[in-house]
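# What the coordinates show
Listed below are the residues making up each chain.
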Number of protein chains: 4
Amino acid sequence: MSSTGKHIQYHIFGESHGKGIGIVIKNLPPGVYIDWDQIQIEMNRRRPGQSSLSTARAEKDQVEILSGIFQGRTTGTPLCAIIFNTDIRSKDYDAIKNTIRPGHADYTAYIKYGGFHDYRGGGHFSGRLTAPIVFAGAVAKQILKKKKIYVGAHIYQIENIYDQPFDPVHLQAEQIEKLREKAFSVIDDEKGNQMKKRISEIKKEKDSIGGVVEVGVTSLPAGLGGPIFDSVESALASVLFGIPAVKGIEFGSGFQIAQMKGSEANDPFVLDEQGRIQTSTNHNGGILGGITNGMPLICRVALKPTPSIGKRQKTVNIQTSSMEEIEIQGRHDPCIVPRAVPVIEGATAMVLLDLLLENGKQEDRWWEDER
Amino acid sequence: MSSTGKHIQYHIFGESHGKGIGIVIKNLPPGVYIDWDQIQIEMNRRRPGQSSLSTARAEKDQVEILSGIFQGRTTGTPLCAIIFNTDIRSKDYDAIKNTIRPGHADYTAYIKYGGFHDYRGGGHFSGRLTAPIVFAGAVAKQILKKKKIYVGAHIYQIENIYDQPFDPVHLQAEQIEKLREKAFSVIDDEKGNQMKKRISEIKKEKDSIGGVVEVGVTSLPAGLGGPIFDSVESALASVLFGIPAVKGIEFGSGFQIAQMKGSEANDPFVLDEQGRIQTSTNHNGGILGGITNGMPLICRVALKPTPSIGKRQKTVNIQTSSMEEIEIQGRHDPCIVPRAVPVIEGATAMVLLDLLLENGKQEDRWWEDER
Amino acid sequence: MSSTGKHIQYHIFGESHGKGIGIVIKNLPPGVYIDWDQIQIEMNRRRPGQSSLSTARAEKDQVEILSGIFQGRTTGTPLCAIIFNTDIRSKDYDAIKNTIRPGHADYTAYIKYGGFHDYRGGGHFSGRLTAPIVFAGAVAKQILKKKKIYVGAHIYQIENIYDQPFDPVHLQAEQIEKLREKAFSVIDDEKGNQMKKRISEIKKEKDSIGGVVEVGVTSLPAGLGGPIFDSVESALASVLFGIPAVKGIEFGSGFQIAQMKGSEANDPFVLDEQGRIQTSTNHNGGILGGITNGMPLICRVALKPTPSIGKRQKTVNIQTSSMEEIEIQGRHDPCIVPRAVPVIEGATAMVLLDLLLENGKQEDRWWEDER
Amino acid sequence: MSSTGKHIQYHIFGESHGKGIGIVIKNLPPGVYIDWDQIQIEMNRRRPGQSSLSTARAEKDQVEILSGIFQGRTTGTPLCAIIFNTDIRSKDYDAIKNTIRPGHADYTAYIKYGGFHDYRGGGHFSGRLTAPIVFAGAVAKQILKKKKIYVGAHIYQIENIYDQPFDPVHLQAEQIEKLREKAFSVIDDEKGNQMKKRISEIKKEKDSIGGVVEVGVTSLPAGLGGPIFDSVESALASVLFGIPAVKGIEFGSGFQIAQMKGSEANDPFVLDEQGRIQTSTNHNGGILGGITNGMPLICRVALKPTPSIGKRQKTVNIQTSSMEEIEIQGRHDPCIVPRAVPVIEGATAMVLLDLLLENGKQEDRWWEDER
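Everything in this summary refers to the structure shown in the same document. (Residues numbered from 1 in each chain as written. Chains lettered and ligands numbered in written order. Predicted model: local features only at pLDDT ≥ 70, side-chain atom pairs only at ≥ 80, totals over all residues. Heavy atoms only, no water.)

All names here are of chain B. Among the residues of helix 1 (residues 36–46), I39, E42, M43, R45 and R46 are the ones counted as buried. Down the axis of helix 1, the sector holding all buried residues measures 155 degrees, keeping them to one side. Between the side-chain oxygen at the start of helix 1 and the backbone nitrogen of D37 there is a gap of 3.0 Å, and the oxygen is on D35. (Buried < 20%, exposed > 50% of the residue type's maximum accessible area, 1.4 Å probe, protein only. Helix = DSSP H or I, 4+ residues; strand = E, 2+ residues; numbered from the N terminus. Arc of directions from axis to C-beta. Polar contact = N/O pair within 3.5 Å; in protein donor to acceptor, adjacent residues only side chain to side chain.)

This next bit is on the interface of chain A and chain B. Facing the 104 residues of chain A at the interface are 105 residues of chain B. Between chain A and chain B, the buried area comes to about 8200 Å², and carbon and sulfur atoms account for 64% of it. Contact with chain B buries surface across chain A, with F229, K247 and F269 of chain A losing the most and accounting together for 11% of the total. If you look at where chain A meets chain B, you find 4 salt bridges. (Contact = heavy atoms within 4.5 Å. Buried area = accessible area lost by both parts, 1.4 Å probe. Salt bridge = Lys/Arg side-chain N within 4 Å of Asp/Glu carboxyl O.)

In this section: the packing of aromatic side chains. This structure, assessed with the given rule, holds 22 aromatic pairs over all chains. When the centroid spacing of 5.4 Å and the interplanar angle of 85 degrees are considered together, the rings of Y119 of chain A and F70 of chain C count as edge-to-face. Of this pair, Y119 of chain A sits in the loop between helix 3 (106–113) and helix 4 (131–145) while F70 of chain C sits in strand 5 (residues 69–70), each in a different chain. When sorted by exposure, Y119 of chain A lands in the same class as F70 of chain C, which is buried. The residue whose ring lies beneath R300 of chain A is Y156 of chain A, and the NZ or CZ to ring-centre distance is 5.4 Å. (Phe/Tyr/Trp six-rings, centres within 6.5 Å; stacked < 30°, edge-to-face > 60°. Lys NZ or Arg CZ within 6 Å of the ring centre and 35° of its normal.)

A few words on the relation of the copies chain A and chain B. With an RMSD of 0.0 Å, the operation that places chain A on chain B is a rotation of 180 degrees combined with a shift of 0.0 Å along the axis. When the rotation and shift are considered jointly, the pair of chain copies conforms to a two-fold rotation axis. A symmetric contact is evident, with 100% of the interface residues of chain A recurring at the interface of chain B. (Least-squares fit on C-alpha atoms with pLDDT ≥ 70 in both.)

Turning our eyes to something else, we now look at the interface of chain D and chain C. Listed as interface residues are 104 residues of chain D and, on the opposing side, 104 residues of chain C. Together chain D and chain C conceal approximately 8200 Å² of surface at their shared face, both sides included; 64% is due to carbon and sulfur atoms. The three residues of chain D that bury the most area against chain C are F229, K247 and F269 of chain D, which together make up 11% of that side's buried surface. Here chain D and chain C share 4 salt bridges between them. For the salt bridge of K247 of chain D with E233 of chain C, the shortest nitrogen-to-oxygen distance reads 3.0 Å. Here chain D and chain C share 37 residue pairs in polar contact (both at pLDDT 80 or more) between them. The residue makeup of the side of chain D that touches chain C, split by class, is 49 nonpolar, 36 polar and 19 charged. (Nonpolar A, V, L, I, M, F, W, Y, C, P; charged D, E, K, R; others polar.)

Right, let's talk about the sheet that holds strand 7 (residues 79–84) of chain A for a bit. All names here are of chain A. Taken together, the 5 strands give an open sheet; going across it, the order is 1-2-3-7-4, and neighbouring strands pair in antiparallel fashion. Strands at the two margins of the open sheet, each flanked by one partner only, are strand 1 (3–4) and strand 4 (64–67). Two elements, strand 4 and strand 7, share 3 bridges in a ladder whose sense is antiparallel. Residue pairing in the sheet places E64 in a bridge with I82 of strand 7. Against the sheet, helix 4 engages strand 2 (9–14), strand 3 (20–26), strand 4 and strand 7, with an angle of about 35 degrees to strand 3. (Pairing = 2+ DSSP bridges. Axes fitted to C-alpha atoms, helices over the stretch in contact; angles between N-to-C directions.)

Quick look at the pairing of strand 11 (residues 246–251) of chain A now. Along any regular strand the residues' side chains alternate between the sheet's two faces. With 6 of 6 residues buried, strand 11 of chain A lies mostly within the body of the structure. Alignment of strand 11 of chain A against strand 16 (residues 297–303) of chain A, held across 5 bridges, turns out to be antiparallel. When the sheet's bridge partners are listed, G248 of chain A is paired in strand 16 of chain A with A302 of chain A. By the bridge criterion, 3 bridges tie strand 11 of chain A to strand 11 (residues 246–251) of chain B in an arrangement that is antiparallel. Each bridged residue has a counterpart across the sheet, and for E250 of chain A the counterpart in strand 11 of chain B is G248 of chain B.

It is worth spelling out the environment of S200 of chain B at this point. All names here are of chain B. Mapped onto the secondary structure, S200 falls in helix 6 (residues 189–204). Classification of S200 as partly exposed rests on a relative accessible area of 28%. Through-space distance from the C-alpha of S200 to that of E159 is 13 Å; in sequence the pair is 41 residues apart.

Moving on, we get to the sheet that holds strand 1 (residues 3–4) of chain D. Residue and element names in this part refer to chain D. One open sheet holds the 5 strands; their spatial order is 1-2-3-7-4, and the pairing between them is antiparallel. Here the strands that pair on one side only, and so sit at the sheet edges, are strand 1 and strand 4 (64–67). Its contacts with the sheet place helix 4 (residues 131–145) against strand 2 (9–14), strand 3 (20–26), strand 4 and strand 7 (79–84), and it is angled at close to 35 degrees to strand 3.

To continue, consider the pattern of salt bridges. Under the counting rule described, the total for this entry stands at 108 salt bridges over all chains. Salt-bridge contacts for K311 of chain B lead to D207 of chain B; the nearest nitrogen and oxygen are separated by 3.5 Å. Here the residue K311 of chain B occupies a position in the loop between strand 16 (297–303) and strand 17 (313–317), and D207 of chain B occupies one in the loop between helix 6 and strand 10 (211–218), the gap between them amounting to 104 residues. For K311 of chain B, a relative accessible area of 32% corresponds to the partly exposed category. Using a relative accessible area of 3% as the deciding quantity, one classes D207 of chain B as buried. In this structure, the salt-bridge partner of E42 of chain C is R45 of chain C, at a minimum N-O distance of 3.2 Å.

This brings us to the packing of helix 1 (residues 36–46) of chain A against helix 4 of chain A. Residue and element names in this part refer to chain A. One way to put it is that helix 1 packs onto helix 4 with a least axis distance of 9 Å and a crossing angle of 140 degrees. Between helix 1 and helix 4, the interaxial angle falls into the category oblique. Two packed elements cross with a definite hand, and for helix 1 against helix 4 that hand is right-handed. Counted together, W36, Q38, I39, E42, M43, R45 and R46 of helix 1 and A131, V134, F135, A138, V139, K141 and Q142 of helix 4 form the full contact between these two elements. When its residues are assigned to classes, the contact of helix 1 with helix 4 shows 8 nonpolar, 2 polar and 4 charged. (Parallel < 35°, antiparallel > 145°, perpendicular 65-115°, else oblique. Left-handed = near helix turned anticlockwise from the far one by under 90°.)

Attention shifts here to the pairing of strand 10 (residues 211–218) of chain D. Residue and element names in this part refer to chain D. Most of strand 10 is tucked away: 8 of the 8 residues are buried. Neither face of strand 10 is open: one carries G211, V213, V215 and V217, the other V212, E214, G216 and T218, and all of them are buried. Here strand 8 (residues 150–158) pairs with strand 10 via 7 bridges, running antiparallel. What sits directly across from V151, in strand 10, is V217. Pairing analysis gives 7 bridges linking strand 10 to strand 16 (residues 297–303), with the strands arranged antiparallel. Across the sheet, the residue bridging to V213 is V301, located in strand 16.

The next point concerns the relation of the copies chain D and chain C. For the pair chain D and chain C, the superposition axis carries a translation of 0.0 Å, the fit reaches an RMSD of 0.0 Å, and the rotation angle comes to 180 degrees. The share of interface residues of chain D whose copies in chain C are also at the interface is 100%, consistent with both copies meeting through the same surface.

Here the focus is the side chain of S126 of chain C. Relative to the elements of secondary structure, S126 of chain C occurs in the loop between helix 3 (106–113) and helix 4 (131–145). Using a relative accessible area of 10% as the deciding quantity, one classes S126 of chain C as buried.

This is the structure:
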């Protein structure tokens, strides 16, 4: 539960309004220096209270390392990282204890845990639990970078406003690095301004809105993943659908590929100037038969609007079994998409590092009989 | 590898042109009678050679049980089911051994396995490996039916022709049962005829086409799944993305929800006539916070066009490292979507049975201290 | 790594001289009140500095709960418990950084982690990492108790001094409860005094000694475990061999059974006064075919002498690649066996709770067709 | 269930009197030629009907490969191997359907599976299910041999007759190879004759006897395994305790180490002539802190007497709930130990190959920052 990974394992714990949240990461390779400034930069990208468009909850999201780091490097034994909760205003939630919030996990958690879960602020189901994903992803990114692998993401769509998409064939690390520095992750800043304006309007309506995030990964080696249920798509989707609010995932041309003919969708193999095998288009998003083919990995993730809205909504009181209306106060993002960008990047990096190290063992091939 | 499931485990093996393919299913509940006619009906829905729109390969796809069934019932110990390959024409593939087929796993499997994989007909990556999924799904469906849970699917979209969608709030078992009897799984037969016509045209062009399948599940109890990486979406996507050709998955309103406001997307909770908690809309596809809420589960799956096409394509010869052209002969489906319907149903049923039995243990709650 | 469990999962982290150690426990049933006094009593049984026979390191071993407990009860979401290290004297270890201690993990950890592990006090390999096992076991015991299942252990053997063994057929909860209250866990206190005297003598010699612990479990239901690699013996041995210093494990008559004839070793089935099936002897230790049979579970665990001894020993300096001699200073137990008792109990309880909850799901059997 | 392995996974299926038994092995490295003669030699070592001391059941135990081998080599995709049952005499068992055999899994399987298991000949609990272990072990041995790793075993003890033990410091591959060729696996043939004589006597008494098998492994690299629950002991014990009849396991000096002092048990580190780190004794059986140290791995496994004996025994009829007597007819081994030798070797090889390939990925260490 709240765990993922095969070779490297990630175990998340914590509740939004408990003492703290965190993650245990197992099987990280030993001897890696961690750049803590980079970690905090990533944490800050997701951190609440950064702009007028996000919740006012002021958390520093400072990561405290309990184990697994010695003299600045990974030890190879389990790393435990904790983020203590500081700015907790639980009383916001007491009023709505029994009035299940539409679009939230309140009702389903109540059923699953028989009412014993920590309901304050969504407890273990809170979006706050994505902070450990960003942390783990930031560690993973530092290791992936040693293989020149860059994982980036941008806001692809807010309502009907679309950013310029990643180039699926020639995606460059530079673009990814530039995006990381932006407070609002879009390639086309003009489109970004339109998106921000739209989010502001919706905030004034006490409403919220969703969107789509596009992920791109450069320099992935061919050969990661595996057949059937071991596909890269399976591994990534399994983790990305673990991020609250994600309701759709597509790779390459995704749902659009369903309207293509084979003669369009089949990416032709070609040799580049160095004689390496590439594809001249990339409708398959860098994955064929569940295995990476060396082209950029392209993936899009659809997020639903933040369910916490100030507008009056119909719902049920599970204590009294009667219908009620609810107006959610608290502190909430009118659009979670901007803060979801580093989370989605992080989740992607977590999975790819796992696949890469799994694959690493193949390099020697001492077992192979002579051809 | 090629394995999935937590409580119930499914392990697929085999190659398209080897001796046979099959599956080992572990932890099936003991004492269940298996209706073999129903199993064969499901196998036939996927079986090749059934219509002019599918490959001419004539396999009976008869399942042979090696273990796990005694006196007609499941024993509770591992069930091994085998489908022997009979109609093998390997010479079709010898010519193209080194000429990697665009859109196929030929290249990525070559990289991953160092060239030692069985390349004939795609080997372990062949669509033929979905037959064990249909088998396992057929077993799972029989068990789910005892809880009145029905898993159904239909062809939602071929090119720009759309079938009538499932009613996400009032989906009925009757509709699912009716669909199962159809040779071409659509709700609106008129739309189905248009689709078939379009597939025929594309076949004549020696081309292929993809599509979208919609899955619906009735009577799922609330409380299946879990937070973060244990979400129902994670579990289903992980298995559905294991089906060859799947490039996108969305739940409920999916990518559309990204354009909705919170006030639209939040499904209001209401009490039905029996006082049970329902939602009056179902944009979340029956899943909130990763856990089922008792509403119909709705999911759509995008499939790419069959990569095997008769049209001339550019590619690379990995032996000679030179560019070549290829015209794929063999026997192939111009559109895999109709045969994918029972596969997607089966995969969904496999996952849901796993989640249901996992959940089963919660029913007694002997550990709970008095409230 | 450092993880175990199928249904309930236990993930241990931490290093002896780092910031802290701890455990994440996943899938605990929700709604269980935790008796913290009982937890601390168990922690104290293992805690160092309790007697002249154990290391002088003074740790309070107070457990801090970060998540998974709400209003005094388990929530069902991941529980994270931390024990901060307080009394750290790392300089004791700096001198011997490169002089690998015989019988310790210094050399093997060096090889496995390329020298990047935290070597202070054994780091992640320290006996201190058994504290989280005691904690998890204490939680498990509280839940098992609701089914009247009691897990107990005693010092069975120190050198050639043997305690009275558990009665394998009539083991009572009372005896287990009484043992728990003893500072030195033996059934026969006279034998206990002889053992203590012997340990004191060996301490004076700057040497150490090992021993055997016997575990007994009452009221286990029949039907836990499974065939082949899912045997109860496999599950228990896998966890018990994870405790540092354990070098042998036997069930029932264990190595003695190898000298018995079938007619002696086969425990005859009999009906008790209530008509329940029992066995009149219990050479199989409550397990047949890998599955519990309802009789007391009996297991013995052999522990090697504490490798840290004051006596001069031959070893190698891995930095200089030369042979050296070493006299280990630090603070160490001349015999770890007394403090291992609650650890072995705890590990046993962890496994049995996992198996019990796994089994729990079978109780309803809604899937079963009429007989 | 009936599955084991982390990197390489082994999934066993089948019943003693069903259609067949077998195994699916996942993640075998690709490109390995399999020497089928060697496989059959190993199968024959375990095969029944080989001598007057074993059951008269005449099975050829010929392995049929369904998948995972192409052009004589492993493909890297799942290997499925089947052994069809041929000489089935089920009527032997019908008479005793409800009369649970003492020492067998009849009762516990009945409880676990609600009476729906295949009870004929022990079904999935039969010793026959060890044939797939021998097969998987034979494959693993061939791969281990490429690293000069040899896994061997011999009958260490029958009643109070002891074979000469392995030399724990200087164990040679030659001795292991010589043992493999013997029909009765002992180092000292004179002792072997005494054992055989004793087994014959016990057979005449319609009784049975157990024994101890010693396993030795040469040339294991240091660094396999891991801390706490990832110890080599945990991995091996988990699989070895999955072999029916195993009731005790010890590593190195095992239970004897409990009587040693630290100054004796601590194996001193020394440098050999090539400057490599060795230990001058090997009381720890080649494992320190759960990780191999490069010395021979030494392990002893205690097996109980075959529970099927011709002597009259007391038991219970679970149908009538009355006490009965039973005389088991069928075909049984008076002593299972000789045939258990290749099974224990095979299980050990399965685990070590898994650990070795897991470890393999560490060799490159591309992630390591400069020292």
